[in-house]
Amino acid sequence: MLLCIFLVYLLAIWIIFYKFKVAVLDFKAKVIIFAIGVGIVAVVFFMAQRYAPYTKDVYVQTFVIEMAPEVSGRVTEVLAEEGVPVAAGSLLFRIDDRLFRYQVQQLEAQLIEAQQEAFGQFAALDAAGQAVKQAESAVTVAEKSLLALQAAETAAQAAVDKSNAQFAVSLANYQRGKQIEDTDAITPEELEELLGRARIDRAAVVQAKQGLSQAEAEVASGSAQLAAAQAALLASFANQRQVQAVVEPLATIDEIIAENQQRIEAARKQLNSLNTPPQERPPQALDDTDATDHEADAADNLSTAGSNGGNIDSPARNIESGANPGIPPANAQTLHQSIKQFEAAIAKAHEMRPLGEEIQTKLQGRFAKVDRVRAELAKAKYDLEQTVVSAPADGHVANLQLTSGAMASSGKPVMSFVETKRSWVVAVVAENGLELVKPGDKIEVAIAMYPGEVFSGEVESIVWGTGQAQSPPSGQLPEVTTTSRKQRFMVRLKIDDLRAEQPLRQGSTATAAIYTGHGKPLHVIRKVQVRIQSMLNYLYL
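Everything quoted here is computed from the prediction, not taken from an experiment. (Residues numbered from 1 in each chain as written. Predicted model: local features only at pLDDT ≥ 70, side-chain atom pairs only at ≥ 80, totals over all residues. Heavy atoms only, no water.)

Let's talk about the overall build of the protein
Short version of the rule: Runs of H or I in DSSP of at least four residues are treated as helices and runs of E of at least two as strands, each being numbered from the N terminus. A simple rule labels every residue: compare its accessible area, found with a 1.4 Å probe on the protein chains alone, to the largest value its type can have, and call it buried under 20%, exposed over 50%, or partly exposed in between. Residue contacts are defined here by distance: any two heavy atoms, one from each residue, within 4.5 Å place the two residues in contact. All accessible-area figures derive from a Shrake-Rupley calculation using a 1.4 Å probe, and residue coverage is judged against the displayed protein chains alone.
The number of helices and strands found in the protein is eight helices and twelve strands. Buried positions account for 33% of the 541 residues belonging to the protein. Pairs at least 24 apart in sequence give 83% of the contacts found in the protein among residues at least 6 apart. As presented, the protein carries roughly 33,100 Å² of accessible surface, and 56% of it is formed by carbon and sulfur atoms.

A few points about the pattern of salt bridges
Close approach of charged atoms lets side chains of opposite charge pair. The criterion, for reference: Salt-bridge detection follows one rule: a side-chain nitrogen of Lys or Arg within 4 Å of a carboxyl oxygen of Asp or Glu.
Applying the stated criterion across every chain yields a total of 17 salt bridges. A salt bridge links Asp57 to Arg488; the shortest N-O distance between them is 2.4 Å. Within this pair, whereas Asp57 is found in strand β1 (residues 54–67), its partner Arg488 is found in strand β11 (residues 488–495), the two being separated by 431 residues in sequence. Judged by relative accessible area, which is 45%, Arg488 ranks as partly exposed. A network of salt bridges, in which partner residues are shared, links Glu444, Lys527 and Arg531.

Points about unusual backbone geometry
Here the phi dihedral of Asn399 falls at roughly 55°; this positive angle occurs in a residue that is not glycine. If you trace the backbone, Asn399 turns up in the loop between β6 (395–398) and β7 (407–408). By relative accessible area, which is 44% here, Asn399 ends up partly exposed.

Quick notes on the pairing of strand β10 (residues 455–462)
Selection criterion: A pair of strands is labelled paired if DSSP reports no fewer than 2 bridges between them.
Pairing of strand β9 (residues 442–447) with β10, which is carried by four bridges, proceeds in the antiparallel orientation. Within the sheet, the bridge partner assigned to Glu444 lies in β10 and is Ser456. In this sheet, β11 lies alongside β10 in antiparallel orientation, the contact comprising five bridges. Residue pairing in the sheet places Gly457 in a bridge with Ile495 of β11.

A look at the sheet that holds β7
One open sheet holds the four strands; their spatial order is β5-β4-β2-β7, and the pairing between them is antiparallel. Each of the sheet's edge strands pairs with one partner strand only, and the pair in question is β5 (388–390) and β7. In this sheet, strand β4 (residues 91–95) lies alongside strand β2 (residues 73–78) in antiparallel orientation, the contact comprising three bridges. By the bridge assignment, Val75 is partnered in β4 with Ile95.

Focus: the packing of aromatic side chains
The following threshold applies: Two aromatic rings, drawn from Phe, Tyr or Trp (for Trp, its six-membered ring), form a pair once their centres lie within 6.5 Å of each other, and the interplanar angle then sorts them: stacked below 30 degrees, edge-to-face above 60, tilted otherwise. By the criterion adopted, a ring carries a charge over it if an Arg CZ or a Lys NZ lies within 6 Å of its centre and within 35 degrees of its normal.
In the structure shown here, the tally under the stated rule is two aromatic pairs. Their ring planes at 75° and their centres at 6.1 Å tell us that Tyr450 and Phe455 sit as a pair that is edge-to-face. Residues Tyr450 and Phe455 agree in their burial class; the two are buried. The ring of Trp424 is capped by Arg492, whose NZ or CZ atom sits 4.1 Å from the centre of that ring. For Lys527, the ring lying beneath its charged end belongs to Tyr515, and the centroid distance is 4.5 Å.

Points about a nonpolar patch on the surface
Just so we agree on the cut-off: The patches reported here contain residues having more than 30% relative accessible area and no salt bridge. Joining distances are 9 Å for like charges and 5 Å for nonpolar side chains (Val, Leu, Ile, Met, Phe, Trp, Tyr).
A grouping of Val524, Val528, Ile532, Leu536 and Leu539 is seen on the molecular surface, where their side chains present a nonpolar patch of about 400 Å² in accessible area. Its location among the elements puts Val528 in helix α8 (residues 523–536).

Next up, the structure:
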């Protein structure tokens, strides 16, 4: 292009001074005119390169992926073909997956075994908890049933009392009538009527007593059922505690210590209440009969708690069964014995802590084994999935060097995959031409693959640096190397008017001109230059 400008200048000189002979030039004038032409060309060249950089070092880039399997094995099927478009997710090739499936099945079996070993006792603990809930529900049902039977017994007793009173009245009336039978005060018919009523009332008494007997029998049966339900509840609590001691030994020991400490505190409160004079005790909201009954119940319950103080299977719901601080116990001796038993249970729990810690450590080891096998199984499943290699995006397969029966090695590429949906153009520009270039500047590109066409677009980005001046970190002093006086930087270009039938192929070359916001008259030179190069692309040069 510069040569063309210089030739145009020379043509203008020839026309002016030789064709029309405006003036006669001597040798000195000819040298000056020639130097002026060279200077004009040089100024135009440097200004054009600054205000409208032009480069033939332009090429197309896209993502090229090295397709390497993540597992090793023998290839059983290759579906990819060289140069045939491939959609994302399409199968490229397959590796024999039998060994990987066997590995998954083996680890699945090991995981089940490890889970049973680690969590089997937890399942037993859940079952024991469900048994406790069922036993509590049975106790609730038995208590409600017993209350209903006791209400029926009370009603039957009331019916007996009422029928006895009625019979007493009718019997008295008959006896009075019998005494005045010889007088005219009562007729034989009236006396017979009184006798019949007394007989009816007596039959009612017999029937009411039978109902009462039946109600008493049902109450006794209900009481027996409630006692059986309570016994089953105590047994379920004991079983739950026993299983809990195996699954959660340290938590069970802490719970035993807390329970017995609460019992000791309750017993000591009762001792204080027992040592307090009667006039100083707080008033009780019970009558004498109820107080006596509660005293007996408290003494029995506390004695039971004392006998169970050293048993780790004693149910947790009976912690306060014998520790009501507002009710005095039967005697102080029982309380002292109970306190000693509770303290012995606490001491025994502390002695069992090292064993509990050992059991807890073993349990944690079982959990770690489950986690390890689960991780190995996840890795085996992932490896099984990697026996099928699919296209990562839309594109083409290139450099295919794989066939069925070949051995594929993990991490070793067997083909290249060129993505087609994401391509871009990179122009290499000298650093002294980049000062005025900004993202968004207009561009024109002549792609060698499409001769005769000029494509427009804009600057997308400018690479911030170049690796030529980069020194790799090391323990040695940097070595001085010789670099070129002028560096070249990559400018990423975006083309806007490509048609669908004009794909950008990886490695295609082009020529580009960048139009900055300065020196716009010089842009005409670059536009002409780009179009000339576009026509020259028809030539195989």
